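Here is how the chains run, residue by residue.
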Amino acid sequence: MIQALRDARKGCGWTQRVLATKVGVSTQSIKRLEAGMGSVSTLVAVMGALEFRLTGLGPGKTLGEQLRNKRLARNWSLRKTADKTGLAVNTVVCLEGDGGSVASLQVLIQKLAPTARRRAPERAYWGQGDKEDRDARFTPPGLLGAVTEAFGSIDIDPCGHELSPVQAKRSILLSEGGDGLRDDWSGRLAFVNPPFSEQQKWLRRAHDQWSAGRIEVAVCLVPTRTDSQWFHEVLSQSASIYFLKGRVRFTDPRGRTQATPHSVMLVILGAAENEKVTLASQLPGVWML
Ligand SMILES: C[S@@+](CC[C@H](N)C(=O)[O-])C[C@H]1O[C@@H](n2cnc3c(N)ncnc32)[C@H](O)[C@@H]1O
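Residues numbered from 1 in each chain as written. Predicted model: local features only at pLDDT ≥ 70, side-chain atom pairs only at ≥ 80, totals over all residues. Heavy atoms only, no water.

Chemist: Looking at this structure, how should I read the site of the ligand?
Modeler: Around the ligand, the surrounding shell holds 21 residues, and the nearest of these are Thr139, Asp157, Ser164, Asp179 and Gly180. Note that a nitrogen atom of the ligand is positioned 2.8 Å from one of the side-chain N or O atoms of aspartate 157. Serine 164 is positioned with one of its side-chain polar atoms (N or O) 2.7 Å from an oxygen atom of the ligand. Relative to its unbound accessible area of 600 Å², the ligand is 94% covered by the protein chains. Tallied by class, residues from the shell around the ligand come to 11 nonpolar, six polar and four charged. (Near = heavy atom within 4 Å. Polar contact = N/O pair within 3.5 Å; in protein donor to acceptor, adjacent residues only side chain to side chain. Areas by Shrake-Rupley, 256 points an atom, 1.4 Å probe, with all protein chains shown as cover. Nonpolar A, V, L, I, M, F, W, Y, C, P; charged D, E, K, R; others polar.)

If you want it as structure tokens, here you go:
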């Protein structure tokens, strides 16, 4: 179970420190938990943050209830459970109240429900989960291939993610204390697939960095939203806009792939004509004239 918990954290793309911050405990507590130590209360909080559920226990809203119902289903009294596990009766009672230690919990589960395992994560829909979860959507390699074929290698990904397939010489990562909305961009080509919840902020940032000459070309992958005054008065005057045909399938940190519920476009600053021709030969879509 502990190994599965660690895998679930990594699947979310979270370091132990990020998970600790989300749960409101120290990084040391997460380290201890992943070494099979610490308290069940921390474990329960971590399971909640990771949407980690177990199958093979009894019904119930809490882990303690599930343990108790499994025990009752097996017709084990508290005494019998204590005898079978080598735990004290009080410890079993404590575990059934979501207390106690992870070490005792593992002993209890091993004897009471040896087949218990992680329940397959439910399929999430676009836009569900917390903000960070919704924002982490990775560009498909095929689209990245078309971009690099047309514009060359990517120098900077200002809104990167450790698990993303984007290969950039420099990635600005939140997890390393970076901030693509504040840190200077650098290099020739920036590839920008920003959090869709902050599309306008990122487009403005790309435009600022490009206007300031910090980068030569910016390729921004964003939802097709063209209604703002800024789009009409500024962006559309300086950018080449390519409307993609069909829906792009993004992958999330848990490895689930899903198409966007809306169309997307590439907003490109600094594109040369021959690069635009190459892009169109690689990726179905239409240029805004
Ligand atoms: C849509 S994902 C794109 C990931 C990657 N660039 C790709 O295309 O596969 C956007 C990422 O931006 C990150 N992010 C959000 N705000 C940021 C900021 N201010 N600075 C740097 N990265 C940020 C989020 O963590 C998220 O993983």
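Chemist: Which parts of the structure should I look at to understand the nonpolar core?
Modeler: Leu5, Leu43, Val46, Leu50, Leu63, Leu67 and Leu105 are the most contacted members of the largest nonpolar core, which totals 30 residues. Those elements that place two or more of their residues in this core are helix 1 (2-11), helix 2 (16-23), helix 3 (27-33), helix 4 (40-50), helix 5 (63-73), helix 7 (89-95) and helix 8 (102-112). If near-sequence neighbours (up to four positions away) are discounted, leucine 43 is found in contact with Met1, Leu5, Leu33, Leu63, Val102 and Leu105. By size, the runner-up hydrophobic cluster in this structure holds 25 residues, among which are Ile154, Val217, Leu266 and Ile268. (Core = buried A, V, L, I, M, F, W, Y, C linked by side-chain atoms within 4.5 Å. Buried < 20%, exposed > 50% of the residue type's maximum accessible area, 1.4 Å probe, protein only. Helix = DSSP H or I, 4+ residues; strand = E, 2+ residues; numbered from the N terminus. Contact = heavy atoms within 4.5 Å.)

Chemist: I tried to follow the domain arrangement of the chain on my own but got confused; where do I start?
Modeler: In many reports, interface size means the accessible area that the parts give up when they come together. Partitioning the chain into structural domains gives domain 1 (2-118) and domain 2 (131-287). A straight line from the C-alpha centre of domain 1 to that of domain 2 covers 41 Å. Note on domain 1 versus domain 2: buried area summed over both sides is about 600 Å², and carbon and sulfur give 39% of it. When the buried surface of domain 1 facing domain 2 is broken down by residue, Gly11, Cys12 and Gly13 rank first, second and third, together holding 48% of it. Summed over the shared surface of domain 1 and domain 2, the number is zero salt bridges. Considered class by class, the residues forming the side of domain 1 that touches domain 2 number three nonpolar, two polar and four charged. (Domains from an automatic or database assignment. Buried area = accessible area lost by both parts, 1.4 Å probe. Salt bridge = Lys/Arg side-chain N within 4 Å of Asp/Glu carboxyl O.)

Chemist: Quick question: what am I supposed to make of the packing of aromatic side chains here?
Modeler: Given two aromatic rings, their pairing is described by the distance between the two centres and the angle made by the two planes. Scanning the model with the defined rule gives two aromatic pairs in all. Between the aromatic rings of phenylalanine 196 and phenylalanine 250, the centroid separation amounts to 5.7 Å while the plane-to-plane angle is 90°, which identifies the pairing as edge-to-face. Of this pair, phenylalanine 196 sits in the loop between strand 5 (189-192) and helix 11 (199-211) while phenylalanine 250 is found in strand 8 (residues 249-251), placing the two residues 54 residues apart along the sequence. Summarising the burial analysis for this pair, phenylalanine 196 and phenylalanine 250 share the class buried. Between the aromatic rings of tyrosine 242 and tryptophan 287, the centroid separation amounts to 4.5 Å while the plane-to-plane angle is 50°, which identifies the pairing as tilted. Of this pair, tyrosine 242 sits in strand 7 (residues 239-244) while tryptophan 287 sits in strand 11 (residues 285-287), placing them 45 residues apart in sequence. Assigned by exposure class, tyrosine 242 and tryptophan 287 land together as buried. (Phe/Tyr/Trp six-rings, centres within 6.5 Å; stacked < 30°, edge-to-face > 60°.)

Chemist: In this structure, what is going on with unusual backbone geometry? I would like to understand it.
Modeler: The bulk of non-glycine residues show a negative phi, and the bulk of peptide bonds are trans. Here the phi dihedral of glutamate 51 falls at roughly 50°; this positive angle occurs in a residue that is not glycine. Here glutamate 51 shows up in the loop between helix 4 and strand 1 (54-55). On the basis of relative accessibility, which here comes to 40%, the residue glutamate 51 falls in the partly exposed class. Even without a glycine there, the phi angle at aspartate 98 is positive, about 65°. Turning to its location among the elements, aspartate 98 is positioned in the loop between helix 7 and helix 8.

Chemist: What is the right way to look at the state of the cysteines in this model?
Modeler: Between two cysteines, a covalent bond joining their sulfur atoms is known as a disulfide. Counted by the stated rule, this structure contains zero disulfides. Cysteine cysteine 159 remains unbridged, with the sulfur of cysteine 220 as its closest cysteine sulfur at 8.5 Å. In this structure cysteine 159 comes out as buried when scored by relative accessible area, which is 17%. (Disulfide = S-S within 2.5 Å.)

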